[in-house]
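Here's the letter readout for the chains.
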Amino acid sequence: PVPEDPYAWPAQVDPMPTSNRRARLNPGPPSSDGDTASASVRIGYSSYYKLNFLTVGLEGSYPIVSNIHAIAGLESYLTRRTLTSDIKPEGLAENQAVPVMHQWESILPLNVGALYRLDLGQVKPYAGVDMITARYFKNDSGADWTVGVRARLGADIPMNGLFSLNVNSAMGIWSGPT
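Cut-offs used in this document
- Residues numbered from 1 in each chain as written.
- Predicted model: local features only at pLDDT ≥ 70, side-chain atom pairs only at ≥ 80, totals over all residues.
- Heavy atoms only, no water.
- Pairing = 2+ DSSP bridges.
- Helix = DSSP H or I, 4+ residues; strand = E, 2+ residues; numbered from the N terminus.
- Phe/Tyr/Trp six-rings, centres within 6.5 Å; stacked < 30°, edge-to-face > 60°.
- Lys NZ or Arg CZ within 6 Å of the ring centre and 35° of its normal.
- Salt bridge = Lys/Arg side-chain N within 4 Å of Asp/Glu carboxyl O.
- Buried < 20%, exposed > 50% of the residue type's maximum accessible area, 1.4 Å probe, protein only.

A. Geometry of the pairing of strand E7 (residues 142-158). Bridge count for E7 against strand E8 (residues 164-175) is 12 bridges, and the pairing is antiparallel. Paired with Gly148 across the strands is Trp174, a residue of E8. Two successive antiparallel strands, E7 and E8, enclose a turn made up of five residues.

Here it is in C-alpha coordinates:
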(Lines give C-alpha, C1' and ligand atoms only; values in the text may rest on other atoms or scores of the structure.)
Protein backbone atom coordinates (compact mmCIF):
# COMPACT_ATOMS: atom_id res chain seq x y z
CA PRO A 1 0.00 0.00 0.00
CA VAL A 2 1.00 3.61 -0.65
CA PRO A 3 1.82 5.54 2.56
CA GLU A 4 -0.59 8.38 3.33
CA ASP A 5 0.76 11.93 2.89
CA PRO A 6 0.22 13.74 6.26
CA TYR A 7 0.24 17.14 4.46
CA ALA A 8 -2.39 16.30 1.81
CA TRP A 9 -5.94 17.70 1.91
CA PRO A 10 -8.65 15.09 2.52
CA ALA A 11 -9.82 13.55 -0.75
CA GLN A 12 -13.36 14.98 -0.52
CA VAL A 13 -12.24 18.63 -0.12
CA ASP A 14 -10.56 20.93 -2.64
CA PRO A 15 -7.65 22.99 -1.28
CA MET A 16 -8.13 26.73 -0.76
CA PRO A 17 -7.40 28.69 -3.94
CA THR A 18 -4.44 31.05 -3.67
CA SER A 19 -6.45 33.97 -5.12
CA ASN A 20 -8.83 34.03 -2.12
CA ARG A 21 -7.72 37.01 -0.01
CA ARG A 22 -10.74 37.23 2.33
CA ALA A 23 -10.08 36.48 5.97
CA ARG A 24 -11.78 33.32 7.16
CA LEU A 25 -13.05 32.96 10.70
CA ASN A 26 -13.41 29.20 10.56
CA PRO A 27 -10.35 27.00 10.01
CA GLY A 28 -10.05 24.49 7.24
CA PRO A 29 -10.61 24.54 3.51
CA PRO A 30 -13.38 26.70 2.02
CA SER A 31 -16.77 25.33 1.09
CA SER A 32 -18.99 26.38 -1.77
CA ASP A 33 -21.86 27.59 0.42
CA GLY A 34 -20.36 31.02 1.23
CA ASP A 35 -19.22 30.28 4.78
CA THR A 36 -17.08 33.38 5.28
CA ALA A 37 -17.85 36.27 7.58
CA SER A 38 -17.93 39.68 5.96
CA ALA A 39 -18.26 43.38 6.70
CA SER A 40 -19.96 45.79 4.29
CA VAL A 41 -19.79 49.55 4.02
CA ARG A 42 -22.80 50.85 2.15
CA ILE A 43 -23.90 54.10 0.58
CA GLY A 44 -27.41 54.40 -0.78
CA TYR A 45 -30.75 56.13 -1.06
CA SER A 46 -34.10 55.63 0.69
CA SER A 47 -37.41 57.45 0.69
CA TYR A 48 -40.08 57.68 3.37
CA TYR A 49 -43.21 59.54 2.31
CA LYS A 50 -41.92 62.98 1.19
CA LEU A 51 -38.51 62.61 2.83
CA ASN A 52 -35.55 61.46 0.74
CA PHE A 53 -32.57 60.07 2.62
CA LEU A 54 -28.90 59.56 1.82
CA THR A 55 -27.93 56.39 3.68
CA VAL A 56 -24.48 55.38 4.90
CA GLY A 57 -23.91 52.27 6.96
CA LEU A 58 -21.84 49.36 8.17
CA GLU A 59 -23.17 45.80 8.31
CA GLY A 60 -21.58 42.52 9.38
CA SER A 61 -22.56 39.04 8.25
CA TYR A 62 -21.61 35.77 9.96
CA PRO A 63 -22.47 32.26 8.75
CA ILE A 64 -24.54 30.25 11.22
CA VAL A 65 -25.64 27.18 9.21
CA SER A 66 -25.24 26.21 5.57
CA ASN A 67 -26.24 29.26 3.48
CA ILE A 68 -27.87 31.20 6.36
CA HIS A 69 -26.02 34.21 7.74
CA ALA A 70 -26.79 36.29 10.83
CA ILE A 71 -26.50 40.04 10.15
CA ALA A 72 -26.23 43.16 12.29
CA GLY A 73 -25.68 46.73 11.23
CA LEU A 74 -25.83 50.45 11.91
CA GLU A 75 -26.81 53.07 9.34
CA SER A 76 -27.18 56.81 9.21
CA TYR A 77 -30.19 58.18 7.31
CA LEU A 78 -29.53 61.82 6.40
CA THR A 79 -32.10 64.22 4.96
CA ARG A 80 -32.15 67.94 4.21
CA ARG A 81 -35.52 69.33 5.23
CA THR A 82 -37.00 72.64 4.20
CA LEU A 83 -38.28 74.44 7.27
CA THR A 84 -41.25 76.75 6.84
CA SER A 85 -42.31 79.40 9.28
CA ASP A 86 -45.54 81.32 9.61
CA ILE A 87 -43.78 83.74 11.94
CA LYS A 88 -41.82 86.49 10.27
CA PRO A 89 -38.34 86.85 11.82
CA GLU A 90 -37.50 90.15 13.50
CA GLY A 91 -35.87 92.76 11.29
CA LEU A 92 -37.72 91.90 8.06
CA ALA A 93 -39.59 94.67 6.28
CA GLU A 94 -43.35 94.22 5.68
CA ASN A 95 -42.88 93.49 1.97
CA GLN A 96 -39.80 91.27 2.44
CA ALA A 97 -40.32 87.52 1.98
CA VAL A 98 -39.61 85.10 4.81
CA PRO A 99 -36.32 83.34 3.98
CA VAL A 100 -36.42 79.62 3.22
CA MET A 101 -34.38 77.71 5.75
CA HIS A 102 -32.90 74.23 5.43
CA GLN A 103 -31.72 71.86 8.10
CA TRP A 104 -29.89 68.51 7.90
CA GLU A 105 -31.38 65.84 10.14
CA SER A 106 -30.41 62.23 10.74
CA ILE A 107 -31.56 59.03 12.38
CA LEU A 108 -29.33 56.08 13.25
CA PRO A 109 -31.20 52.78 12.71
CA LEU A 110 -29.82 49.50 14.06
CA ASN A 111 -30.73 46.22 12.35
CA VAL A 112 -30.48 42.54 13.19
CA GLY A 113 -31.65 39.64 11.03
CA ALA A 114 -30.78 36.78 8.72
CA LEU A 115 -29.90 36.32 5.05
CA TYR A 116 -30.06 33.24 2.85
CA ARG A 117 -27.05 33.47 0.52
CA LEU A 118 -26.30 31.53 -2.68
CA ASP A 119 -22.98 31.30 -4.47
CA LEU A 120 -23.61 31.25 -8.23
CA GLY A 121 -20.02 32.00 -9.25
CA GLN A 122 -19.67 35.64 -10.32
CA VAL A 123 -23.01 36.66 -8.74
CA LYS A 124 -23.89 35.91 -5.12
CA PRO A 125 -27.62 36.62 -4.60
CA TYR A 126 -29.35 36.72 -1.22
CA ALA A 127 -32.76 37.19 0.38
CA GLY A 128 -33.46 38.02 3.99
CA VAL A 129 -35.45 39.66 6.73
CA ASP A 130 -34.39 41.86 9.58
CA MET A 131 -35.73 43.88 12.47
CA ILE A 132 -34.83 47.55 12.47
CA THR A 133 -35.08 50.09 15.26
CA ALA A 134 -34.16 53.76 15.58
CA ARG A 135 -34.46 56.63 18.01
CA TYR A 136 -35.95 59.76 16.53
CA PHE A 137 -36.75 63.24 17.79
CA LYS A 138 -40.46 64.09 17.53
CA ASN A 139 -40.21 67.71 18.58
CA ASP A 140 -38.57 69.88 21.22
CA SER A 141 -40.20 67.81 23.99
CA GLY A 142 -38.13 64.70 23.41
CA ALA A 143 -37.40 61.54 21.50
CA ASP A 144 -39.05 58.17 20.91
CA TRP A 145 -38.14 54.77 19.46
CA THR A 146 -39.53 53.22 16.33
CA VAL A 147 -39.40 49.52 15.47
CA GLY A 148 -39.98 47.79 12.16
CA VAL A 149 -39.27 44.84 9.94
CA ARG A 150 -38.08 44.67 6.35
CA ALA A 151 -37.58 42.11 3.61
CA ARG A 152 -34.44 42.33 1.47
CA LEU A 153 -33.26 41.05 -1.90
CA GLY A 154 -29.83 41.68 -3.29
CA ALA A 155 -26.63 40.39 -4.79
CA ASP A 156 -22.91 40.76 -4.23
CA ILE A 157 -20.81 40.94 -7.39
CA PRO A 158 -17.13 40.35 -6.60
CA MET A 159 -14.80 42.92 -8.18
CA ASN A 160 -11.62 41.23 -6.89
CA GLY A 161 -10.66 39.03 -3.95
CA LEU A 162 -11.43 41.76 -1.39
CA PHE A 163 -14.14 44.10 -2.76
CA SER A 164 -17.64 43.43 -4.09
CA LEU A 165 -20.31 45.62 -5.63
CA ASN A 166 -23.54 45.23 -3.68
CA VAL A 167 -27.03 45.79 -5.10
CA ASN A 168 -29.71 45.73 -2.41
CA SER A 169 -33.43 46.49 -2.34
CA ALA A 170 -35.53 46.47 0.80
CA MET A 171 -39.12 47.14 1.73
CA GLY A 172 -40.48 47.32 5.25
CA ILE A 173 -42.71 48.96 7.80
CA TRP A 174 -41.97 51.17 10.82
CA SER A 175 -44.13 51.75 13.86
CA GLY A 176 -43.71 54.09 16.78
CA PRO A 177 -45.44 56.76 18.88
CA THR A 178 -46.57 59.86 16.99
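After that view of the structure, there is still more to cover.
B. A look at the packing of aromatic side chains. Tallied over the full model, the rule gives one aromatic pair. A cation over a ring is seen here: Arg117 above Tyr126, with NZ or CZ 5.2 Å from the ring centre.

C. Highlighting the pattern of salt bridges. Under the counting rule described, the total for this entry stands at seven salt bridges. With a closest N to O distance of 3.7 Å, Glu75 and Arg150 form a salt bridge. Of the two residues, Glu75 is situated in strand E3 (residues 68-83) and Arg150 in strand E7; the sequence distance between them amounts to 75 residues. Judged by its relative accessible area of 16%, Glu75 falls in the buried class. Residues Asp156 and Arg117 are paired through a salt bridge, measuring 2.9 Å at the closest nitrogen-oxygen approach. In this pair, Asp156 is assigned in strand E7 and Arg117 in strand E5 (residues 110-117), connecting sequence segments 39 residues apart. A relative accessible area of 15% means that Asp156 is categorised as buried. On the basis of relative accessible area, Arg117 is assigned to the buried category, the value being 13%. Connected through salt bridges with shared partners, the residues Arg42, Glu59, Glu75, Asp130, Arg150 and Arg152 form a single ionic network.

D. Fine view of the pairing of strand E1 (residues 38-48). With 11 bridges connecting them, E1 and strand E2 (residues 51-65) associate as antiparallel partners. Across the sheet, residue Arg42 finds its bridge partner in E2, namely Gly57. What sits between the antiparallel neighbours E1 and E2 is a turn of two residues, in which Tyr49 has the positive phi angle 55°.

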